[in-house]
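Close look at the chain arrangement
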Amino acid sequence: MFGIVRPCTHRLSEGLRTEWMAHLCGLCLALRADHGQFARIVTNYDGLIVSVLTEAQTGAMPAGRRTAGPCPLRAMRTAPVAMGEGARLAAAVSLVLASAKVRDHVADRDGLLARRPVAAAARRVAAGWDRAGARTGAALGFDTALLVDAVDRQTGIETLAGPGTPLLTVTEPTETATAAAFAHTAVLAGKPQNAAPLAEAGRLFGRLAHLLDAVEDREADAASGAWNPLTVTGTSLTEARRLCDDALHGVRLALREVEFTDGTLVHVLLAHELRRSVDRAFGTSSCSHQGLEVPEGSFGPPPGNPYGPTPGSPYGPTPGNPYGPTPGGPAAPPPPRPPRDRRGLIAGCLVWAGLACTCQMCCGSYEDPWSRERREAPCQSCGDCCEACNCCGQCGEGCCCCGDSCGCDC
């Protein structure tokens, strides 16, 4: 799994978490349905944004969901998944961009791809993904040649780049590709008036994706001698951060011009999670679940927050709690646990492997692979995933405004 927008499930409400997983699983299943099992390896967090944008403009409808069967990556549980043109467009875009990523690694001779037989096989796979993405795109009225052309131009631009080359010259092909994908969601949704602002949001999202990838790989590329836009153009991290902050602001401004039926998840992903992605790449965020001391009032729960501690007893039972100790009497015993069907050894091991591969065991809620008991992940390696930010619930967007320094109109 790759992508720059990787929200921790601790930050999403139950409804948004279900919706986000529906689009992620919908992308995966659309890849399988149209292009076979192997194509599912290109499932990525950023590709599902195309599906989210499409549904946000049309509104969620019963026809846009189906119940998928048990999957090891969902702890062998069924789940509602997104289906339709948005998921298929996301699949086509993911295939073409994954093909570009493979060719880029081949050009850089990364790892095993430095060997000619492996590189030749990787090129054939990438070419197959290009053709598959083009077929699906054509069925949806989307010309993936725009993406392929942008990828091909990227190689030439990188060859000519050097000290003093504007960094935005290097990011232009990525910006063009993502702008086309974002804009076509307006066509699928039947809202052509949204195409221009979505193209602008997509252009800036592509800039962020390119810059953040360069920032995260900067040290590794320097050690291996691989091509990195920041190093080659002589761009400092300070300048890269400025460009990222400008792009973040531009994405928010562009989204304000889009007519959404329900833009809550879009707002969370592209206004707040995108900001956290930038903070994560530049190392300017921290996780409040890791024992860090937070100054009082900095990120604390707002007044009236139902999840905050009750006045006078921050760790004690809430008033009326039937399982808390009775005043003047002995503590009441906890209620008996309902019986659960345990999985066998082999089935439990398969579920454990799926949970481990999707990071649910380190960041999220999950069922124990064998006992099926509900577990909470320790979240010790998620970076900024568990900041004490709670939704204000006072605006239509339901935005998290306590730790992001933005009002509910953002």
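Just so we're clear, the structure is a prediction, and the values are computed from it rather than from any experiment.

Counted by the stated rule, this structure contains three aromatic pairs. An angle of 20 degrees between the planes, with centres 5.7 Å apart, marks the rings of Trp20 and Tyr45 as stacked. You can see Trp20 sitting in helix α1 (residues 14–35) and its partner Tyr45 sitting in the loop between α1 and α2 (48–58), a full 25 residues away along the chain. Owing to a relative accessible area of 14%, Tyr45 belongs among the buried residues under this scheme.

Attention now goes to the nonpolar core. Across soluble globular proteins, nonpolar side chains show a tendency to be buried alongside one another. Judged by nonpolar contacts, the single largest core of 74 residues is most densely connected at Leu270 and Leu274. Among residues more than four places away in sequence, those in contact with Leu274 are Ile4, Val5, Phe205, Leu208, Leu248, Val251 and Leu269.

Now for the pairing of strand β2 (residues 77–82). In the case of a regular strand, side chains alternate between the two sheet surfaces. Sheet analysis places strand β1 (residues 65–71) next to β2, joined by five bridges and oriented antiparallel. Directly across from Arg65, in β2, lies its bridge partner Ala82. Here β1 hands over to β2 after five residues, with Ala75 in that stretch at a positive phi of 60 degrees.

This part takes up helix α6 (residues 167–189). Look at α6: 34 Å from first C-alpha to last across 23 residues, which is about the 33 Å you get at 1.5 Å a residue. Pro173 marks where α6 bends most, by close to 35 degrees. Counting buried residues in α6 gives 17 out of 23 residues, a clear majority hidden from the surface. A positive backbone phi angle near 75 degrees is found at Gly190, which sits one or two residues after α6.

The next point concerns the state of the cysteines. This structure, assessed with the given rule, holds zero disulfides. The thiol of Cys71 is unpaired, and the distance to the nearest cysteine sulfur, on Cys25, comes to 6.6 Å. With a relative accessible area of 14%, Cys71 lands in the buried category.

What counts as what
- Residues numbered from 1 in each chain as written.
- Predicted model: local features only at pLDDT ≥ 70, side-chain atom pairs only at ≥ 80, totals over all residues.
- Heavy atoms only, no water.
- Phe/Tyr/Trp six-rings, centres within 6.5 Å; stacked < 30°, edge-to-face > 60°.
- Helix = DSSP H or I, 4+ residues; strand = E, 2+ residues; numbered from the N terminus.
- Buried < 20%, exposed > 50% of the residue type's maximum accessible area, 1.4 Å probe, protein only.
- Core = buried A, V, L, I, M, F, W, Y, C linked by side-chain atoms within 4.5 Å.
- Contact = heavy atoms within 4.5 Å.
- Pairing = 2+ DSSP bridges.
- Expected span 1.5 Å × (residues − 1).
- Bend = angle between axes of the 7 residues up to and from the residue.
- Disulfide = S-S within 2.5 Å.

Everything listed here is a matter of geometry and, on its own, says nothing about what the molecule does.
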